[in-house]
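The residues making up each chain are set out below.
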Amino acid sequence: MSLLAKNKVITETGEYEILLTENFSGLGLELLKIESFTKVFVITEKKIADLYYSELEKELNQVSIQPIPIFIKGKEKNKHISQTYSVYNQLIQNQVDRKSLILALGGGVVGDFAGFIAATILRGIRYVQVPTTLLACVDSSVGGKVAVNADLGKNMIGCFYQPSLVFAPLHTLKTLPKKEWKCGFAEVLKHSLLAGETFFNKLKNITRVNCRKLENLIFYITESVSLKSKIVSEDPKENGKRAILNLGHTMGHAIESYLNYKRLTHGEAVSIGLVTALILSENILGLNPELREEVIWIMKNLSIPYKIKIDSKLALEHMKYDKKNRGDSIQYVLLKALGEATYGNVVHEDEIMKAIEIQKQIK
Ligand code: NAD
Ligand code: GLY
């Protein structure tokens, strides 16, 4: 196998490995380690299948697995409960049984959707995440948050359902569009702020060129995955500490909703949200403002957005829809210092509007 790095998540429902590899080689043998399965259904989108399905199929055929492909529409708007019905039907027509395995080949949209299908068909069958975007490698494929969207909100219908394996073949990132790299790096930056100096300092030297070098990529992904695995192992169902992984997301989700999920990717919205969270952290917890300057420097180096022209009152309205809030209060993850996050901070509306106005003035 072309193994580059390895990690593990341990929860009360079992443990699984996260394997970072050069390509698909070894995936077949890893699947065979999963206890007696019958069929393998690959849920993916056409665009990714055109690039990688035949290579994946060849790898699985080598260990006598004949996968059955199921194609879904892969846009965020299609990660919708309405698309589940035809996928359930295709699985049933192909005689899915309780020992069937689902393999999710794609980015976070495919991963969240296929994971949700796995969690719900026949009261739950096993599934494997094969992430093909940077965001999916560093974040969505790990931790078992699976969901689909409802008309009135993103990820509104879902559950915690851990995969049996995460197998990340990094060669697939070569075809990733520029915008999607930025999206992934926003989550990498988030993880570095949560992790602390070793990780964050490495990002201080990042450029648009060196960020894609294999040795650097392996570092960013393994550091992210090791942080996330540790947190998920401690708190798989977000009863407490896992909430810190939502740093930057309160404002990030508000921006996505304000823009009607157009113009900016999830990661770009989160990167703007990270800056809002840093300003709030300075104003409320006395975080050193130098950290914000360093973060913006990194964002500029990667051409990631760090501010947005937005009406602060409207932003606030959109924040109130966030499913992480309790009642009417708006909750924020804030930083006391680099690597020291706190969650469940109820922040007053005036503080939020002040932070948004400060952010708009950043040069
Ligand atoms: P995505 O899945 O929409 O993929 C982005 C784009 O890249 C798509 O157009 C896709 O077709 C294309 N693509 C994917 N892999 C490619 C490849 N190797 N080469 C060329 N093109 C490729 O976006 P994403 O950023 O991976 O995921 C976003 C989703 O993840 C959102 O729905 C978000 O809610 C979810 N998410 C979930 C979690 C979680 O913990 N479950 C965490 C973060 C985000
Ligand atoms: N992406 C946040 C989480 O997995 O909890």
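Above this text is the structure in question.
Basis of the calculations
Residues numbered from 1 in each chain as written. Chains lettered and ligands numbered in written order. Predicted model: local features only at pLDDT ≥ 70, side-chain atom pairs only at ≥ 80, totals over all residues. Heavy atoms only, no water. Helix = DSSP H or I, 4+ residues; strand = E, 2+ residues; numbered from the N terminus. Expected span 1.5 Å × (residues − 1). Buried < 20%, exposed > 50% of the residue type's maximum accessible area, 1.4 Å probe, protein only. Arc of directions from axis to C-beta. Contact = heavy atoms within 4.5 Å. Phe/Tyr/Trp six-rings, centres within 6.5 Å; stacked < 30°, edge-to-face > 60°. Near = heavy atom within 4 Å. Polar contact = N/O pair within 3.5 Å; in protein donor to acceptor, adjacent residues only side chain to side chain. Areas by Shrake-Rupley, 256 points an atom, 1.4 Å probe, with all protein chains shown as cover. Axes fitted to C-alpha atoms, helices over the stretch in contact; angles between N-to-C directions. Parallel < 35°, antiparallel > 145°, perpendicular 65-115°, else oblique. Left-handed = near helix turned anticlockwise from the far one by under 90°. Nonpolar A, V, L, I, M, F, W, Y, C, P; charged D, E, K, R; others polar. Salt bridge = Lys/Arg side-chain N within 4 Å of Asp/Glu carboxyl O. Core = buried A, V, L, I, M, F, W, Y, C linked by side-chain atoms within 4.5 Å. Pairing = 2+ DSSP bridges.

Participant: In this structure, what is going on with helix H13 (residues 349-360)? I would like to understand it.
Facilitator: Because an α-helix completes one turn every 3.6 residues, residues spaced three or four positions apart along the sequence face the same direction. With 12 residues, H13 should reach 16 Å at 1.5 Å per residue; the first-to-last C-alpha distance of 17 Å fits that figure. Restricting attention to buried positions, one finds in H13 the residues Ile 352, Met 353, Ala 355, Ile 356 and Gln 359. What you see down the axis of H13 is that its buried residues fit within an arc of 160°, all on one side. The secondary structure elements touched by the buried residues of H13 are helix H9 (249-258), helix H10 (266-285), helix H12 (312-319), strand S10 (330-337) and strand S11 (340-347).

Participant: Looking at this model, I keep getting lost on the packing of aromatic side chains. Mind explaining?
Facilitator: Aromatic ring pairs are described here by two measures, namely the spacing of the ring centres and the angle between the planes. Taken as a whole, this structure holds 6 aromatic pairs when the rule is applied. Pairing Trp 181 with Phe 185 gives two aromatic rings, centres 6.3 Å apart and planes at 25°, and the pair type is stacked. Taken together, the positions of Trp 181 and Phe 185, both in helix H6 (residues 178-195) and 4 residues apart, correspond to about one turn of that helix. Here Trp 181 falls in the buried class, since its relative accessible area comes to 6%. Taken together, a centroid distance of 5.5 Å and an interplanar angle of 80° make the contact between Phe 185 and Tyr 220 edge-to-face. With Phe 185 in helix H6 and Tyr 220 in helix H8 (residues 214-234), this pair connects stretches of sequence that are 35 residues apart. In terms of burial, Phe 185 and Tyr 220 fall into one category: buried.

Participant: Explanation requested: the site of ligand 1 in the structure shown.
Facilitator: Ligand 1 sits among 26 residues. The nearest are Glu 76, Gly 108, Thr 132, Thr 133 and Thr 175. Between Thr 132 and ligand 1, the recorded distance is 2.8 Å, taken from a side-chain N or O atom to a nitrogen atom. Summarising the interface, the protein chains cover 90% of the accessible area of ligand 1, which totals 870 Å² for the free molecule. Contributions of two or more residues to the shell around ligand 1 are made by helix H2 (46-61), helix H4 (108-120), helix H5 (134-140), strand S8 (153-160) and H6.

Participant: Help me understand the packing of H6 against H8, please; the structure alone is not making it clear to me.
Facilitator: For any two helices packed against each other, one specifies the crossing angle of their axes together with the interaxial distance. Where H6 meets H8, the axes come as close as 9 Å, and the angle between the chain directions of the two elements is 55°. Taken together, H6 and H8 sit at an angle that is classed as oblique. The chirality of how H6 crosses H8 is left-handed. Across the interface between the two elements, Trp 181, Phe 185, Val 188, His 191, Leu 194 and Ala 195 of H6 pack against Leu 217, Tyr 220, Ser 224 and Leu 227 of H8. Of the residues in the contact of H6 with H8, the class split is 8 nonpolar, 2 polar and no charged.

Participant: Explain the pattern of salt bridges here, please?
Facilitator: Pairing between side chains of opposite charge can happen when the charged atoms of each approach one another. Under the defined criterion, the tally for this structure stands at 19 salt bridges. A salt bridge links Glu 17 to Lys 6, with the shortest nitrogen-to-oxygen separation between them at 3.6 Å. Separated by 11 residues along the polypeptide, Glu 17 in strand S2 (residues 14-21) and Lys 6 in strand S1 (residues 3-11) bring together distant segments of the chain. You can call Lys 6 exposed: its relative accessible area is 53%. The partner of Glu 187 in a salt bridge is Lys 190, and the shortest N-O contact between them spans 3.0 Å.

Participant: Whenever I open this one, the site of ligand 2 confuses me. Can you help?
Facilitator: Lining the immediate environment of ligand 2, one finds Asp 139, Lys 145, Lys 228, Glu 238, Arg 242, Leu 245 and Asn 246. A distance of 3.2 Å separates a nitrogen atom of ligand 2 from a polar side-chain atom of Asp 139. Contacts to ligand 2 include Lys 145, whose side-chain N or O atom sits 2.9 Å from an oxygen atom. Calculation on ligand 2 without its partners gives an accessible area of 200 Å², and the protein chains cover 89% of this total. Of the residues belonging to the shell around ligand 2, the class tally is 1 nonpolar, 1 polar and 5 charged.

Participant: Would you take a moment to explain the side chain of Asp 112 for this structure?
Facilitator: Within the secondary structure, Asp 112 sits in helix H4. Residue classification places Asp 112 among the buried residues on the basis of a relative accessible area of 11%. With sequence-adjacent residues up to four places away left out, Asp 112 is seen in contact with Lys 79, Ser 140, Lys 145, Val 146, Ala 147 and Asn 155.

Participant: How do you make sense of the environment of Phe 41 when you look at a structure like this?
Facilitator: Along the polypeptide, Phe 41 turns up in strand S3 (residues 40-45). As for Phe 41 and Glu 59, which are separated by 18 residues in sequence, their C-alpha atoms are 15 Å apart. Setting aside residues up to four positions removed in sequence, Phe 41 forms contacts with Ile 68, Ile 70, Leu 91, Asn 94, Val 96, Ser 100, Leu 101, Ile 102 and Leu 103.

Participant: Would you mind showing me how to read the nonpolar core here?
Facilitator: Soluble globular proteins tend to bury their nonpolar side chains together. Among the nonpolar cores identified, the biggest contains 76 residues, and Phe 185, Tyr 220, Ile 221, Ile 255, Met 319 and Tyr 332 are the most heavily contacted of them. Counting 23 residues, the second largest nonpolar core, distinct from the first, contains Leu 27, Tyr 53, Leu 165 and Phe 167.

Participant: Where do I start with H4 in this structure?
Facilitator: In this model, H4 (13 residues) spans 18 Å end to end at C-alpha, consistent with the 18 Å of a helix rising 1.5 Å per residue. Burial analysis of H4 places 12 of its 13 residues in the buried class, which makes it a mostly covered element. Those residues of H4 that fall on the buried side of the exposure criterion are Gly 108, Val 109, Val 110, Gly 111, Asp 112, Phe 113, Ala 114, Gly 115, Phe 116, Ile 117, Ala 118 and Ala 119. Leu 122 occupies a position one or two residues after H4 and carries a positive phi of about 50°.

Participant: Please explain the sheet that holds S3 as it appears in this structure.
Facilitator: The strands making up a sheet associate through backbone hydrogen bonding, with each pair oriented either parallel or antiparallel. The 7 strands are arranged S1-S2-S9-S6-S5-S3-S4 in an open sheet whose pairing can be described as mixed. Edge strands, defined here as strands with exactly one partner in the open sheet, are S1 and strand S4 (68-72). Neighbour-to-neighbour, the strand axes of this sheet turn through a mean angle of 20°, independent of strand direction. Inspection of the sheet shows S1 paired to S2 by 8 bridges, in the antiparallel sense.

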